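# Analysis of the macromolecular model
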Protein chains: 2
Amino acid sequence: MLNLSMYTLGAKRSCIRELFEYGRMRREIVGSENVFDFSLGNPSIPAPPEVNRAIRDLLATESSLQLHGYTTATGDLAARRAIADDLNSRFSAGIRPEDLFLGCGAAPELVSVIRALTLKSSEFLVIAPFFPEYRPFVESCGGRLEVVPADLPNFQIDFEALDRALNPRTQALILNSPNNPAGTVYSEQTLQILSGLLTEKSRLFGHPIYLISDEPYRELVYDGKTVPFVPNFYPDTIVCYSYSKSLSLPGERIGYICVPPNATDHDELLAAIAGAARSIGHVCAPSLMQKVIEKCAGVRPDLSRYDANRRLLADSLKSFGYEMASPDGAFYLFVKAPGGDSDAFSEKAKAKDLLIVPGTDFGCPEYFRLCYCVEPDMIQRSLPIFKQLIENA
Amino acid sequence: MLNLSMYTLGAKRSCIRELFEYGRMRREIVGSENVFDFSLGNPSIPAPPEVNRAIRDLLATESSLQLHGYTTATGDLAARRAIADDLNSRFSAGIRPEDLFLGCGAAPELVSVIRALTLKSSEFLVIAPFFPEYRPFVESCGGRLEVVPADLPNFQIDFEALDRALNPRTQALILNSPNNPAGTVYSEQTLQILSGLLTEKSRLFGHPIYLISDEPYRELVYDGKTVPFVPNFYPDTIVCYSYSKSLSLPGERIGYICVPPNATDHDELLAAIAGAARSIGHVCAPSLMQKVIEKCAGVRPDLSRYDANRRLLADSLKSFGYEMASPDGAFYLFVKAPGGDSDAFSEKAKAKDLLIVPGTDFGCPEYFRLCYCVEPDMIQRSLPIFKQLIENA
């Protein structure tokens, strides 16, 4: 007498969690220096010092009721103002505090947005490779997830495939750049073509097709590259942001939804998002963290450690003969499995206690994912195994 | 092309919020000393000093990655152990850490539990008066909310009405004690009869009828009374707890779900709850607050200020001739509207800038709710108006 889909979702660990738990078990048996765990996308750099300084200052200056009390469901005005100021100073985005809704991280923000947009038989498109949790988010709202095949080997967008997938039931396209798992960034040119296509199809179908831009990795980008601000290319964009990665606060559950001023049905859309959030139990984002964001909205992470890991791993693997997606952002490498079957390759690696995530659940079974938010030392020790695996493939 | 129910839920402010905003507007016009706002159940006592002390200690001793990193979805083991120890020391409850799931406050916890229990055409019973948000929580999961009429004037349970309401589609009964809005506590006797009835009906219908015990007010009880621990009366109880009121942390979104060891389908139920939580975007409860709870699970609030307010307001109103539910817990008085129509009475009060919430949305239109988590001074100044209102009724 339990809901079977919910039971299945809770009982079945994700492939990533499964690997991570396996790694924990193996460490106890063979010693942690002999396990090479690249499975989990968990920030490995501390929060910038401004964060804990902000918490200390707040404890010293604000009353308990101010600090720990309810805010409105949309979030503290001062925090929303600080976020808008930061976005406007970087992207000339014209965002107002009333365009922002503070949420408990990207996951419930995405669910709220998807729920607000789900009518009977609505479809949501994702571009492979994609974050697997999009599927339960969409399906639990009653929508259908449709996958647009990957654009190999560039990991931009296969527009012919997208064109074929778009139809009158398409309510939104979920975009994730820098991408988990590919580590790639959608270029300005990609966003321009995408905007043109969505504008045309929206007109054709007589309703807006929203872009849901899932951006937890926005500030994680290397080699002087930049991540374009999607609403500047397509006004019907809904941004779901999280500070999990940019401020290394994944456990604190703080982020925002942004509906830019000239999005179609702006006010109604925000109301529907607020209603959807309310229906899944949103009351407000964690209040102390809202006040931290007010003080730290302009703080950027020090990426030097991720960058050093990225170079070490990417350069070494390339020198062994591995091919991979261009590692421009996030903290992932997406590497072509020698032989082309990432499940089989991942099993071979697992036998040597090298834990990598096959791309199958991401919609891209030829590639595997490596998280380089790890200790540099572990990367060094893992290199001979990577070399051996490709030589024996 | 938006989901109409979500839009309606977001666009339509609750009656309580509406009143609160009205009060804010009136304060600007007539001065805050002339507005008597009893609308919002927002804690007015600071968090116990142990809370901020714990945060300071954690900042001084724990690494950023430990403090702000992801925990498992079920929550940090040390925090769950501390909660189990506290429950066991007070209620001999036999709770183990693996019976607990840390959540972001009672609202998303309730949604996760309801979602885990919702099959096609499932029904959830509530006892009037009830917290109005139960309705969107149940309906957004696809269930039906059925209201059992209030047991007037005792505000226990009308068991004949409950007996009539129970049917094979009943998946659970949502119980809230100390009660919002009535301020009453269900007695041991009530829980014993309830347990007998639910056990009998579960057997008759061939499936467990769970009790969902929504307990944000559990520690708020006066006059030396105690709140019975519901799972000790009925093993198929699922507790949804929040530290919002007991530690005055409503903005921080921290609480837990407890499924006691001998609940029917214990493991499957917890898996379904975890799956439901995942489907609405739960990743983990706020990590810093999890660590605070590890240190503060045994801390109790100092209720002297609420208690003084409660006595002042209850005694004065009784002396004017008002009748009310026994004000044993929470921070609400539930008062019979002179004339019997709380909407009309609330309008009359509003005209004198006395803001009280009619009981209509709570399923009890003859009564109105007063929140006494306010400044004592405001209570004093409001008394002549209460007197006048009943004299002129």
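See above for the structure.
All of the points below concern the structure found in this document. (Residues numbered from 1 in each chain as written. Chains lettered and ligands numbered in written order. Predicted model: local features only at pLDDT ≥ 70, side-chain atom pairs only at ≥ 80, totals over all residues. Heavy atoms only, no water.)

### Observations regarding helix 5 (residues 77–91) of chain B
All names here are of chain B. Helix length check: helix 5, at 15 residues, gives a terminal C-alpha distance of 21 Å against a target of 21 Å (1.5 Å per residue), a fit within 8%. Among all positions in helix 5, only Ala79, Arg80, Ala82, Ile83, Ala84, Asp86, Leu87 and Phe91 are buried. Next to the buried residues of helix 5 lie strand 2 (100–103), strand 8 (255–258) and helix 11 (287–296). Positive backbone phi, at 45 degrees, marks serine 92, one or two positions downstream of helix 5. (Helix = DSSP H or I, 4+ residues; strand = E, 2+ residues; numbered from the N terminus. Expected span 1.5 Å × (residues − 1). Buried < 20%, exposed > 50% of the residue type's maximum accessible area, 1.4 Å probe, protein only. Contact = heavy atoms within 4.5 Å.)

### Focus: the pairing of strand 5 (residues 170–176) of chain A
For a regular strand, the rule is simple: side chains alternate between the two faces of the sheet. All names here are of chain A. With 7 of 7 residues buried, strand 5 lies mostly within the body of the structure. Strand direction decides the pairing type here: strand 3 (residues 123–127) and strand 5, joined by 4 bridges, are parallel. Of the residues in strand 5, the one forming a bridge with phenylalanine 124 is alanine 172. Judged from the 5 bridges that link them, strand 5 and strand 6 (residues 210–214) form a sheet pairing that is parallel. (Pairing = 2+ DSSP bridges.)

### Looking at the relation of the copies chain B and chain A
Mapping chain B onto chain A calls for a rotation angle of 180 degrees and an axial translation of 0.0 Å; the resulting RMSD is 0.0 Å. The superposition operator between the copies reduces to a two-fold rotation axis. Using C-alpha coordinates, one finds that chain B approaches the rotation axis most closely at isoleucine 280 of chain B, a distance of 3.3 Å. Comparing interface residues between copies, 100% of those in chain B also sit at the interface in chain A, which points to an isologous, same-surface contact. (Least-squares fit on C-alpha atoms with pLDDT ≥ 70 in both.)

### Description of the sheet that holds strand 9 (residues 332–336) of chain A
Sheets are built from strands paired through backbone hydrogen bonds, the pairs being either parallel or antiparallel. All names here are of chain A. Strand order in the open sheet made by the 3 strands is 9-12-11, with antiparallel pairing throughout. Every interior strand has two partners, whereas the edge strands, strand 9 and strand 11 (357–358), have only one. Sheet topology note: the strand 11/strand 12 (residues 367–371) ladder contains 2 bridges and is antiparallel. Bridging across to strand 12, proline 358 finds its partner in phenylalanine 368.

### Focus: the pattern of salt bridges
Applying the stated criterion to the full structure yields 48 salt bridges over all chains. For glutamate 21 of chain A, the salt bridge goes to arginine 24 of chain A, with nearest N and O atoms at 3.5 Å. Of this pair, glutamate 21 of chain A and arginine 24 of chain A both sit in helix 2 (residues 15–30), 3 residues apart, which is roughly one turn of that helix. When its relative accessible area of 22% is taken as the criterion, glutamate 21 of chain A is described as partly exposed. For arginine 24 of chain A, a relative accessible area of 40% translates into the label partly exposed. The salt bridge partner of aspartate 99 of chain B is arginine 96 of chain B, with a shortest N-O separation of 2.7 Å. You can call aspartate 99 of chain B buried: its relative accessible area is 0%. (Salt bridge = Lys/Arg side-chain N within 4 Å of Asp/Glu carboxyl O.)

### Remarks on helix 12 (residues 304–320) of chain A
All names here are of chain A. In this model, helix 12 (17 residues) spans 24 Å end to end at C-alpha, consistent with the 24 Å of a helix rising 1.5 Å per residue. Looking at helix 12, one finds that the buried residues are Tyr306, Asp307, Asn309, Arg310, Leu313, Ala314, Ser316 and Leu317. Tucked into the core, helix 12 has its buried residues touching strand 9, strand 12 and helix 14 (376–391).

### A closer look at the interface of chain B and chain A
Listed as interface residues are 69 residues of chain B and, on the opposing side, 69 residues of chain A. Both sides together, the interface formed by chain B and chain A hides about 5800 Å², and carbon and sulfur atoms give 59% of it. It is Met1, Tyr70 and Arg278 of chain B in chain B that bury the most area against chain A; as a group they hold 14% of the surface buried on that side. A salt bridge links arginine 278 of chain B to glutamate 133 of chain A; the nearest nitrogen and oxygen atoms lie 2.6 Å apart. For the pair chain B and chain A, the interface holds 31 residue pairs in polar contact (both at pLDDT 80 or more). Every element with two or more residues in the side of chain B that touches chain A is listed here: helix 1 (4–11), helix 3 (49–61), helix 4 (64–68), helix 6 (106–117), helix 7 (134–140), helix 10 (266–279) and helix 11 of chain B. Looking at the side of chain B that touches chain A residue by residue, the classes come out as 38 nonpolar, 21 polar and 10 charged. (Buried area = accessible area lost by both parts, 1.4 Å probe. Polar contact = N/O pair within 3.5 Å; in protein donor to acceptor, adjacent residues only side chain to side chain. Nonpolar A, V, L, I, M, F, W, Y, C, P; charged D, E, K, R; others polar.)

### Describing the environment of phenylalanine 91 of chain A
Residues and elements named next belong to chain A. Within the secondary structure, phenylalanine 91 is located in helix 5 (residues 77–91). On the basis of relative accessibility, which here comes to 16%, the residue phenylalanine 91 falls in the buried class. Taking the C-alpha atoms as reference points, phenylalanine 91 and asparagine 232, 141 residues apart in sequence, are found 8.0 Å from one another. Contact partners of phenylalanine 91, with chain neighbours within four places excluded, come to Arg218, Val227, Phe229 and Asn232.

### Some remarks on the packing of aromatic side chains
Residues and elements named next belong to chain A. Per the counting criterion, the structure on display carries 38 aromatic pairs over all chains. Taking the centre distance of 6.1 Å and the plane angle of 85 degrees together, the rings of tyrosine 322 and phenylalanine 386 count as edge-to-face. Of this pair, tyrosine 322 sits in the loop between helix 12 and strand 9 while phenylalanine 386 sits in helix 14; the two residues are 64 residues apart in sequence, bridging distant segments of the chain. Among the aromatic residues, ring-to-ring pairing joins Phe38, Tyr322, Phe345, Phe368 and Phe386 into one connected group. (Phe/Tyr/Trp six-rings, centres within 6.5 Å; stacked < 30°, edge-to-face > 60°.)

### As for unusual backbone geometry
With an omega of -10 degrees, the peptide bond running from serine 177 of chain A to proline 178 of chain A counts as cis. Of note, proline 178 of chain A is situated in the loop between strand 5 and helix 9 (188–205). Here the bond from alanine 128 of chain B into proline 129 of chain B is cis, since omega is -5 degrees, no more than 30 degrees from zero. With respect to the secondary-structure elements, proline 129 of chain B resides in the loop between strand 3 (123–127) and helix 7. Here the phi dihedral of serine 121 of chain B falls at roughly 60 degrees; this positive angle occurs in a residue that is not glycine.

### Looking at the nonpolar core
Residues Leu117 and Ile212 of chain A together with Leu117 and Ile212 of chain B are the most contacted members of the largest nonpolar core, which totals 76 residues. The residues contacting isoleucine 212 of chain A, other than those within four sequence positions of it, are Leu110, Val113, Ile114, Leu117, Phe124, Ala172, Leu173, Ile174, Leu175, Ile238 and Cys240 of chain A. Ile95 of chain A together with Tyr243, Cys258 and Val299 of chain B belong to the second-largest nonpolar core, a separate cluster that totals 68 residues. (Core = buried A, V, L, I, M, F, W, Y, C linked by side-chain atoms within 4.5 Å.)

### Describing the pairing of strand 4 (residues 144–148) of chain B
As judged from the 5 bridges shared by strand 3 of chain B and strand 4 of chain B, these two strands associate in the parallel manner. Bridging from a neighbouring strand, glutamate 123 of chain B pairs with arginine 144 of chain B of strand 4 of chain B.

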